[in-house]
Structure formats: structure tokens, C-alpha cells
Amino acid sequence: MEDPLVAFPESAELVERFDELREEVDRLIGVRDLTPYGDIDPTRAAQVSIGWRLYYAYMLGVANERAHRDLPLVMDFVERTPRVVNAMVAQLPPGVTLDAHEGPYAGILRYHLPLRVPTDSPPYLRVDQTFHTWAERRPILIDDTFEHEVYNTSTGTRTMLIIDVRRPLNPVLDGLNRLCLRLKQRWSAQMIADANGDI
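I will try to describe carefully the structure that is included in this document. (Residues numbered from 1 in each chain as written. Predicted model: local features only at pLDDT ≥ 70, side-chain atom pairs only at ≥ 80, totals over all residues. Heavy atoms only, no water.)

Remark: a regular strand shows side chains that alternate across the two faces of the sheet. Bridge count between strand β7 (residues 124-127) and strand β8 (residues 130-133): four bridges; the pairing is antiparallel. When the bridges of β8 are listed, Arg-126 appears paired with Phe-131. Counting the residues that bridge the hairpin from β7 to β8 gives two residues, and of these Asp-128 lies at a positive phi of roughly 60 degrees. (Pairing = 2+ DSSP bridges. Helix = DSSP H or I, 4+ residues; strand = E, 2+ residues; numbered from the N terminus.)

Here the focus is helix α7 (residues 72-80). Those residues of α7 that sit buried are Val-74, Met-75, Phe-77 and Val-78. One side of α7 carries all its buried residues, which in axial view fall inside an arc of 160 degrees. (Buried < 20%, exposed > 50% of the residue type's maximum accessible area, 1.4 Å probe, protein only. Arc of directions from axis to C-beta.)

What follows concerns the environment of Arg-80. Mapped onto the elements of the fold, Arg-80 is located in helix α7. On the basis of relative accessibility, which here comes to 44%, the residue Arg-80 falls in the partly exposed class. The sequence separation of Arg-80 and Leu-169 amounts to 89 residues, and the corresponding C-alpha distance is 20 Å.

Right, dumping it as C-alpha cells:
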């Protein structure tokens, strides 16, 4: 785990606007259920978690047009921040786990901003040999290519803003990374549509 302010200094703005962001996400969740990961990407979900719930605001540089209405603060930030690759709201309901797995692509780092965390047996994360217990307003940045897993043994739901950013690299490797991410964009529209659930 890395210090977000070192590897992703733009994230300071997210902490500064925490209350506004949480209110925005609360409004979204108040009017719709987030889609289970098993309904978005069944193959990957079978390896990780079918019960994890997601809303994609921005995926591989492609905006979810509904997110401009649903999450305007989030969209304003991601569209002003060139290194952002993905932005999503993720919920971990009571008793749901993310089984041990590794991220499929080394060109990004994953930022987590916990918006709602149950206080009874708060959910926790293991990345490699390091354990972290979630707490509201306390962001972390992880390299998800290391094996990691998440547990929610509480009676409440953990709600998180997750933002993936391009890994800091030298100019040549950064250019290659950008190219690889552009090639992956062909999946963005379908993933966003599946997460929207056609509502």
C-alpha cells in the first residue's frame, strides 16, 4: 500500500470534498440498487465475488453518460484529471467477500476512498502480507497486481469510491501503457451498459 498523496497527489481534492462526495453517492444509492458483479462480468465474478455491487461512472476513459447526472462531482474530477482510467462506486454487502485474487493489469494503481464503513466488525483488506481495516475518510492506494482479498463480516454495507489511475512510469513506458489502455476501451461500453442494468 502506498501513500495516496505521493503517488496520486490529485486525490487530496477528494478528501477535501469528502462530505459532498458521500452525499452524492448516498443519493445515487437511495434511488437505485447497484448491480451485482455477477451480472456484469460473470466469468471474472466467479473468481472474485458475485455479490460485490458496482456502478461504473467512467471506464477506460469512456464516460457513463448517466453518471453526469448521477455523480456530477465524481465526473467533474475524473474528467479534469488526465491520469484517471476508471471510476466506480462499489458496495460490499454484509457477509460478502472478495476472494483472494490479483488484478489483471499492471499499468494502474487503485485508489479507495471509504464513504460508508460499518462500525461493528469493520470490513478489512489484505494485500500480500499487509492487512488494512477500512475507516471512513481514510483513503489508501494499492497495487492490485499483488494478491488481495476483502472481507465484510459485519451486519452493514461498506460503500467505496474507487478510482484507478495510470501508474507513474517513464515517458516510453507511459506511452505504451496509454496505448494498451486505449485498446481495452472496446469493452467499456458493454461493461457500463451491464452495470447500468438498462434502467
